[in-house]
Amino acid sequence: MNNIDGRTRTCGLIGNPVEHTMSPVIHNSLAAMMGHDLVYVPFHVKSGLREAVEGAYALNILGMNVTVPYKSEVMNYLAGVDEKAKQIGAVNTLVRSEGGYIGYNTDMPGLYRAMKEEGIELQGAEVLILGAGGVARAVALLAAEKGAKRLCIMNRTIEKAKRILEEIKELLPRMSGTEIPELLALPLHAYEELQGEEWIGIQATSVGMFPNSDDVIIGAEGFYKKLKAGYDLIFNPYETQFMKLTKAAGKPAYNGLKMLLYQGIIAYELWNDTQVTERQAQIVFAEMQKAMQVQ
Ligand code: NAP
């Protein structure tokens, strides 16, 4: 830990709960490695989000991450919101500016960077998203924007999947010149309707998250045969049931820890106007794995 003195800057996390966050590992490791006089602290905000954001600004806090359940609500209390974050409808990073914080979304570029590193290409791909919550919506936008050829959303509540696809049809022409992919919404049991075996499966539900580590969104072996690769956004447990079943079908599987790493790195770069190298990112990743007791 840094030597804290009168010049030390503070960054932090606002959320409820925050007890199990990995973000301090990311930011405090980066600060130590890069020689920045900065500490990162989680703040458990049980209520009073507006007061928390205004209080943080008054306390000269340099930047904030925002997590569940505040990623949408926080947009009401900012001096401005980045265009991309507006389209995604969620802010996870606050950057200090004149008169208040500006909200950004670093989750999606974080996931994109993580997928690139794993060699997963969205351009021209067939992308299958499981879930239709806040993160699934953002992943769907990302896949469409990056030129996915086909996009399918499977969800327990089918109306939510359909709504996201409608939003994509409306938003995409305004976001980029990309063509609208072939769009499909399916309930979870209807996986046999998926054509082919080249789907990049992105697990974006909360099913299978610790402590319910034995749960899985779809248990049928036949589903996993349809996948080219499986990407679970959950990282605790380190290997989810979804990943185990993907691997059992002979396909590569990844967890969400690299997404978490890169969303943190992009936030750190915004706060400190700096560039984190790939080597530094790898060192932080090793620290995160150590904190999770893997390796
Ligand atoms: P959310 O908005 O609450 O959405 C939850 C989704 O899970 C919905 O689609 C919901 O289906 C589905 N679901 C929940 N329980 C279910 C059940 N028992 N059976 C079937 N479906 C169920 O959550 P979110 O904010 O999008 O987060 C989703 C996941 O992303 C979480 O696991 C979170 O850990 C992960 N995440 C990872 C990172 C990272 O950096 N790696 C960052 C953010 C989030 P219905 O629509 O039918 O309710």
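As a starting point, this report considers the structure included with it. Remember, it's a predicted structure, so these values are computed and weren't measured experimentally.

### Digging into the site of the ligand
Inference 1: Neighbouring the ligand are 22 residues; Ala-132, Val-135, Asn-155, Thr-157 and Lys-160 lie closest to it.
Inference 2: With respect to the ligand, the backbone of Ala-132 contributes an N or O atom lying 2.8 Å from an oxygen atom.
Inference 3: Contacts to the ligand include Gly-133, whose backbone N or O atom sits 3.5 Å from an oxygen atom.
Inference 4: In isolation the ligand has 930 Å² of accessible area, and contact with the protein removes 74% of it.
Inference 5: Listing elements by their share of the shell around the ligand, those giving two or more residues are helix H5 (134–145) and helix H9 (257–272).
Inference 6: A per-class count over the shell around the ligand returns 11 nonpolar, 8 polar and 3 charged.

### A short note on the sheet that holds strand S6 (residues 100–104)
Inference 1: Pairing is mixed across the open sheet formed by 6 strands, whose spatial order is S2-S1-S3-S5-S6-S4. Only two strands of the sheet have a single neighbouring strand rather than two, namely strand S2 (38–44) and strand S4 (80–81).
Inference 2: Contacts from H9 reach strand S1 (9–15), S2, strand S3 (63–66), strand S5 (93–97) and S6 within the one sheet, and its direction differs from that of S5 by about 5°.

### Some remarks on the layout of surface pockets
Inference 1: Size it by volume and the second largest pocket reaches roughly 180 Å³.
Inference 2: Around the second largest pocket, the lining comprises 16 residues; the ones closest to its centre are Lys-84, Ile-88, Asn-105, Met-108 and Pro-109.
Inference 3: For the lining of the second largest pocket, the secondary-structure elements that each account for two or more residues are helix H3 (83–88), helix H4 (107–117), H5 and H9.
Inference 4: In terms of residue count, H5 provides more of the lining of the second largest pocket than any other element does, 4 residues in total.

What counts as what
In every chain, residue numbers begin from 1 and rise along the written sequence. Since the coordinates come from a predicted model, pLDDT governs what is reported: local features require at least 70, and pairs of side-chain atoms require 80 or more to be given and counted, while whole-chain, interface and lining totals use all residues. Side-chain descriptors were evaluated using all non-hydrogen atoms of the structure, hydrogens and water having been removed beforehand. Any residue with a heavy atom positioned within 4 Å of a molecule or strand is treated as near that molecule or strand. Polar contacts here mean pairs of N or O atoms no more than 3.5 Å apart (in protein, one a potential hydrogen donor and the other a potential acceptor; neighbouring residues in sequence count only if both atoms are side-chain atoms). Areas reported here follow the Shrake-Rupley algorithm with a probe of radius 1.4 Å; residue values treat only the protein chains shown as occluding. What counts as a helix is a DSSP run of H or I of at least four residues, what counts as a strand is a run of E of at least two, and both are numbered from the N terminus. Here the nonpolar group is Ala, Val, Leu, Ile, Met, Phe, Trp, Tyr, Cys and Pro; Asp, Glu, Lys and Arg are the charged ones; every other residue, Gly included, is treated as polar. One requirement defines pairing of two strands: DSSP has to find at least two bridges between them. In this description, contact between two residues means that some pair of their heavy atoms is separated by no more than 4.5 Å. For helices, the fitted axis covers only the stretch in contact; all axes are lines through C-alpha atoms, and the angles between them, taken along N-to-C directions, range from 0 to 180 degrees. In this analysis, the protein atoms alone were mapped onto a 1 Å grid. Cavities are point sets where a 1.4 Å probe fits without being able to get out; pockets are open sets with protein on both sides within 12 Å along at least five of seven lines; lining residues have an atom within 4 Å of a point. Grid points are joined across faces, edges and corners, and a volume is the space filled by probe spheres set on the points.

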